[in-house]
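# Residue-level structure breakdown
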Amino acid sequence: MTTVATWDDLLAGDELAHLSTEPAREARAVPLPDSLQPVLREALAARGIHDLYTHQAEAYEAARAGGHVIVTTGTASGKTLAFNLPVLDALAADRHARALYLYPTKALAQDQARSLGDLGVAAVRAAIYDGDTPTERRRQIRGWANLVLTNPDMLHIGVLPRHDLWGDFLHNLRFVVVDEAHVYRGVFGSHVANVLRRLRRLARIYGAEPQFLLASATIANAGELARALTGEDAGVVEDDAAPRAERTIALWNPPLLDAELGLRASALGEASRLLAGLVGRGLRTICFAKSLKSAELIHRFASDRLDAETAQRLAPYRAGYTPQQRREIERRLVEGDLLGVTSTDALELGIDIGDLDCAISVGFPGTVASLRQQWGRAGRRAHGLAVLVASEDALDQYFMREPPALLERQVEAAILDHANPRVLDGHVAAAAFEAPLDESDAATLGPEALERAPHVPELRHTQSGWVWAGTDAPAPRVPLRSTSPDAFLVVDASSGDVLGLAEQERAYSTVHEGAVYLHLGRQYLVRELDLAARRALVEPFDGDWYTQAKKETETSIEEALRVERRLGLELSFGRVSVTEQVVAYQKKAVADGSTLATIPLDLPPTTFDTEAVWFVPRPHQLEGLEAMPLLLSSLHAAEHSLIALLPLWAMCDRWDIGGLSTNLHLDTRAPTVFVYDGHAGGVGIAERGFAQFEGWVADTVRLLEGCPCERGCPSCVQSPKCGNLNEFLDKAGALTLLRRMLAS
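Residues numbered from 1 in each chain as written. Predicted model: local features only at pLDDT ≥ 70, side-chain atom pairs only at ≥ 80, totals over all residues. Heavy atoms only, no water.

### Focus: the overall build of the protein chain
To keep things clear, this is the line we draw: Strands are runs of DSSP state E lasting at least two residues, helices are runs of H or I lasting at least four, and both sets are numbered from the N terminus onward. C-alpha atoms define the radius of gyration in this analysis, and the globule rule sets the expected value at 2.2 Å times the number of residues to the power 0.38. Only protein chains enter the accessibility calculation, which uses a 1.4 Å probe; a residue is then buried when its area is under 20% of its type maximum, exposed when over 50%, and partly exposed in between. Should any heavy atoms of two residues lie within 4.5 Å, those residues are considered in contact. Note on areas: these come from Shrake-Rupley sampling with a 1.4 Å probe, and a residue is covered only by the protein chains present in the view.
Tallying secondary structure elements over the protein chain gives 25 helices and 31 strands in all. For 744 residues, the compact-globule formula gives about 27 Å, and the C-alpha radius of gyration of the protein chain, at 26 Å, lands near that figure. Dimensions of the protein chain along its principal axes, counting C-alpha atoms only, are 75 × 75 × 55 Å. Looking at the protein chain as a whole, 58% of its 744 residues qualify as buried. For the protein chain, the proportion of contacts with a sequence separation of at least 24, taken over those separated by at least 6, is 73%. Carbon and sulfur atoms provide 49% of the accessible area of the protein chain, an area that totals close to 29300 Å².

What follows is the structure, encoded as structure tokens:
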């Protein structure tokens with residue numbers, strides 16, 4: 001066992017921005033319920049499980065009472081057992097009962113299938129049904145398995161449109177488990193919410209009303225998320241009764257090299273120094289980085305700092321490994337042979353990698369919930385250490401100066417909008433293909449689905465309802481990770497694999513020719529963007545530069561849905577249309593962000609409709625800032641810093657948000673700042689900003705006040721995705737405007 005003093009001497013110096021301790025917590029447990037089936041009780045006893053944490057018992061009782069349930073407790077708190085217990089109990093009691101488990105990744109489904117196998121409950125016949133399942137095995141699984149593990153994509157394309165093959169399974173469907181529910185937010189979540197509604201509708205047609213059991217990392221709005229995903233109210237189980245060892249929290253800020261430019265020493269270098277220091281003391285450590293390139297550099301730098309024998313006990317751990325390779329790394333970790341692992345955050349989800357002493361996160365992973373997931377890896381059994389090494393990003397630097405904003409903050413709200421017509425229409429078509437659509441379906445699909453039916457091109461109204469009149473099944477045309485059906489495929493030219501999708505409105509700025517594209521932490525260089533075939537051909541890339549697109553943006557207000565007097569000005573939320581044209585891109589050095597080259601591009605403009613929040617400052621709030629270009633620079637800097645902090649209020653990525661500031665907008669006839677959802681139709685991000693406007697602006701003022709630079713730097717007003725390449729930014733003007741708004 002490690003003692004506190006082991007890392008004390010490492011955590012010293014000016015880099016340490018904050019050090020605190022989270023106290024240990026005792027477990028609160030109760031005996032296994034008497035009502036459990038004997039076969040399940042015996043299987044648990046064989047694994048040494050004789051009691052439950054009180055939140056597991058609460059989830060079991062809530063499920064037994066027949067309600068939908070969402071469990072939202074910390075990492076390693078036994079959420080899996082909380083939803084497994086009522087399901088396995090029901091399967092053991094009724095040989096006809098069926099359950100469907102949904103996981104966002106194939107790797108998680110594999111993990112869960114393995115642990116169900118290890119539990120060895122004789123009545124449970126579990127099988128994975130996904131894109132990798134051989135065709136000849138699929139029929140066997142449909143007839144034999146009573147617990148099927150799959151992912152939303154397979155449910156959407158491979159199960160629901162072929163429900164005639166699943167009739168017996170759907171008729172007996174008792175439980176649907178949705179694990180890692182916080183992942184289903186934004187565009188992906190909006191699609192999955194429609195897939196789950198289609199599942200409920202078909203189950204009802206086959207005579208079943210399944211119960212939904214959801215598990216999520218801690219989020220601010222668990223009940224709201226469960227309702228948004230399933231269309232049904234769910235009981236919330238959130239009082240975490242699992243034990244927790246004492247944990248030391250350290251916030252680590254690389255030293256400032258140039259205060260005016262906001263340049264700091266490399267976060268990767270600092271992380272490798274800490275990793276080598278901890279591993280050198282025999283402490284098992286995981287280090288999370290944002291990209292594969294970063295994870296591999298940290299691994300290399302840390303190995304260089306250690307003697308050859310210790311360096312052999314470090315390994316990278318990433319997506320793309322075979323299950324056997326991952327098991328081998330996990331085995332070496334558990335047995336203590338492996339001391340240090342560097343990983344991309346693609347692996348922060350609930351894959352079990354044993355008990356570790358320390359967890360290092362390099363750069364804020366985007367949400368407090370993700371950071372807690374990563375930190376939750378450290379010190380599950382004995383005193384642990386959790387470290388955040390800051391990048392120069394505005395949000396990271398804000399936390400270094402305002403630790404309570406990170407450590408005491410309620411985790412974010414996960415938001416989605418299943419009724420966004422850009423998302424919904426494809427699912428209305430898919431539902432009509434699955435069975436004719438009539439008024440009774442409003443109960444499962446929602447009233448919005450029937451309102452959209454007349455607008456979906458290939459639907460025909462008949463006596464039996466709305467029916468599909470197209471030639472092929474519509475579901476495969478609806479990609480779950482995009483709001484636009486005409487998205488671009490991103491294809492690895494070296495292997496022919498499809499890596500992902502880029503929505504049309506974002507493709508020109510993310511997969512233009514010459515762009516560096518990130519997928520699952522790996523870097524690719526875009527060789528060709530074929531506009532006619534709608535595909536981007538990429539190849540693996542290991543250069544030390546990244547790209548930033550230069551674009552011209554215009555917005556026009558279509559309709560203000562809500563207008564309120566807030567912070568002394570008129571604040572609006574509504575629908576806007578955004579026109580963007582990418583005109584060039586810059587190559588920038590990874591090491592220091594310096595510009596290596598600017599290359600012009602010739603791409604067509606794109607226009608999309610979305611939701612925005614916008615405000616028009618009052619004349620007294622702009623007093624002294626009216627002259628150009630000061631006015632434009634102040635508004636632009638305010639827009640950037642607001643965008644940097646919106647992810648704290650809505651569970652989203654900075655890349656999900658766009659913005660525009662102008663000294664004179666055609667529609668408002670005044671200086672105006674817009675912040676909009678970067679996805680067609682909007683998914684609720686700007687709406688969340690509207691709802692939380694006062695807190696959002698107050699956070700932004702604190703960010704600007706605390707940054708040591710004078711004129712603005714990457715840690716406050718400069719943005720890595722600015723379409724104007726960070727020209728015309730006045731930090732002081734932005735601060736003056738936002739302070740005056742708060743004073744109102």
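### Side note on helix H2 (residues 38–46)
Put simply, the rule is: What the arc describes is the spread of directions from the helix axis to the C-beta atoms.
Buried within H2 are the following residues: Leu40, Ala43 and Leu44. Summarising the axial view, the buried residues of H2 lie within an arc of 100°, below the 170-degree limit, and thus occupy one face. Away from its buried face by more than 90 degrees, H2 exposes Pro38, Glu42 and Ala46. Along its buried surface, H2 packs onto helix H4 (79–93) and helix H5 (106–119). Where H2 ends, the next residue or the one after it, Gly48, has phi of about 80°, a positive value.

### What about the nonpolar core?
Threshold: For this analysis, a nonpolar core means a set of buried residues of the types Ala, Val, Leu, Ile, Met, Phe, Trp, Tyr and Cys, connected via side-chain atoms within 4.5 Å.
One finds Leu406, Trp696 and Met741 to be the most contacted residues of the largest nonpolar core, which totals 64 residues. Contact partners of Leu406, with chain neighbours within four places excluded, come to Leu251, Phe364, Val368, Leu371, Trp375, Leu388 and Phe399. If you look at the next biggest cluster of nonpolar residues, it comprises 40 residues, including Leu173, Val176, Leu416 and Leu480.

### Here's the deal with the side chain of His68
How we decide: In protein, a polar contact means a hydrogen-donor-capable atom and an acceptor-capable atom, both N or O and within 3.5 Å, with residues adjacent in sequence counting only if both atoms are side-chain atoms; elsewhere, any N or O pair within 3.5 Å suffices.
Tracing the chain through its elements places His68 in the loop between helix H3 (54–64) and strand S4 (69–72). Among the residues examined, His68 registers a relative accessible area of 17% and is labelled buried. A polar side-chain atom of His68 sits 2.9 Å from the main-chain amide nitrogen of Phe212. In contact with His68, not counting residues within four places along its chain, are Pro210, Gln211, Phe212, Glu232, Asp233, Ala234 and Gly235.

### Here we look at the sheet that holds strand S7 (residues 147–150)
Our working rule: At least two bridges found by DSSP between two strands are what make those strands a pair. Throughout, an axis means a line fitted to C-alpha atoms (over the contacting stretch in the case of helices), and angles, computed between N-to-C directions, take values from 0 to 180 degrees.
An order of S6-S7-S5-S8-S9-S4-S10 is seen for the seven strands of this open sheet, with the pairing classed as parallel. Both outer strands of the open sheet, strand S6 (126–128) and strand S10 (235–237), are each paired with one neighbouring strand and no more. Geometrically, the sheet is characterised by an average inter-axis angle of 15° between neighbouring strands, direction not taken into account. Note: strand S5 (residues 98–102) against strand S8 (residues 173–178), five bridges, orientation parallel. Paired with Ala99 across the bridge in S8 is Phe175. Of the strands in this sheet, S5, S6 and S7 are in contact with helix H6 (residues 135–144), which crosses S6 at around 145°.

### Considerations on the packing of helix H7 (residues 152–159) against helix H9 (residues 186–205)
Between two packed helices, what matters for the description is the angle formed by their axes and the separation of those axes. Short version of the rule: An angle counts as roughly parallel when it lies under 35 degrees, as roughly antiparallel when it exceeds 145, as roughly perpendicular when it falls between 65 and 115, and as oblique in every other case. By definition, turning the near helix anticlockwise from the far helix through less than a right angle yields a left-handed crossing, and turning it clockwise yields a right-handed one. Side-chain classes are defined by residue name, with Ala, Val, Leu, Ile, Met, Phe, Trp, Tyr, Cys and Pro counting as nonpolar, Asp, Glu, Lys and Arg as charged, and the others, Gly among them, as polar.
It is at 10 Å that the axes of H7 and H9 come closest, and there the two elements cross at 50°. Judged by the angle between their axes, H7 and H9 are oblique. Helix-helix and strand crossings are classified by hand; for H7 and H9 the assignment is left-handed. Listed contacts from H9 to Pro152, Leu155 and His156 of H7 are Phe188, Val192, Val195, Arg198 and Leu199. Grouping the constituent residues of the contact of H7 with H9 by class yields six nonpolar, one polar and one charged.

### A word on the side chain of Gln548
Tracing the backbone through its elements, the reader meets Gln548 in strand S26 (residues 545–566). There is a polar contact of 3.4 Å between the side chain of Gln548 and the side chain of Lys588.

### Topic: the sheet that holds strand S15 (residues 314–317)
Taken in spatial order, the seven strands line up as S1-S11-S18-S17-S14-S16-S15 in an open sheet, and their pairing is mixed. Taken across any chain shown, the strands that pair with only one partner, and hence form the sheet edges, are strand S1 (16–22) and S15. Sheet twist, expressed as the average angle between the axes of neighbouring strands with direction ignored, equals 15°. Here four bridges tie S15 to strand S16 (residues 340–344), and the two strands are oriented parallel to one another. Looking at the pairing, Pro316 lines up with Thr342 of S16.

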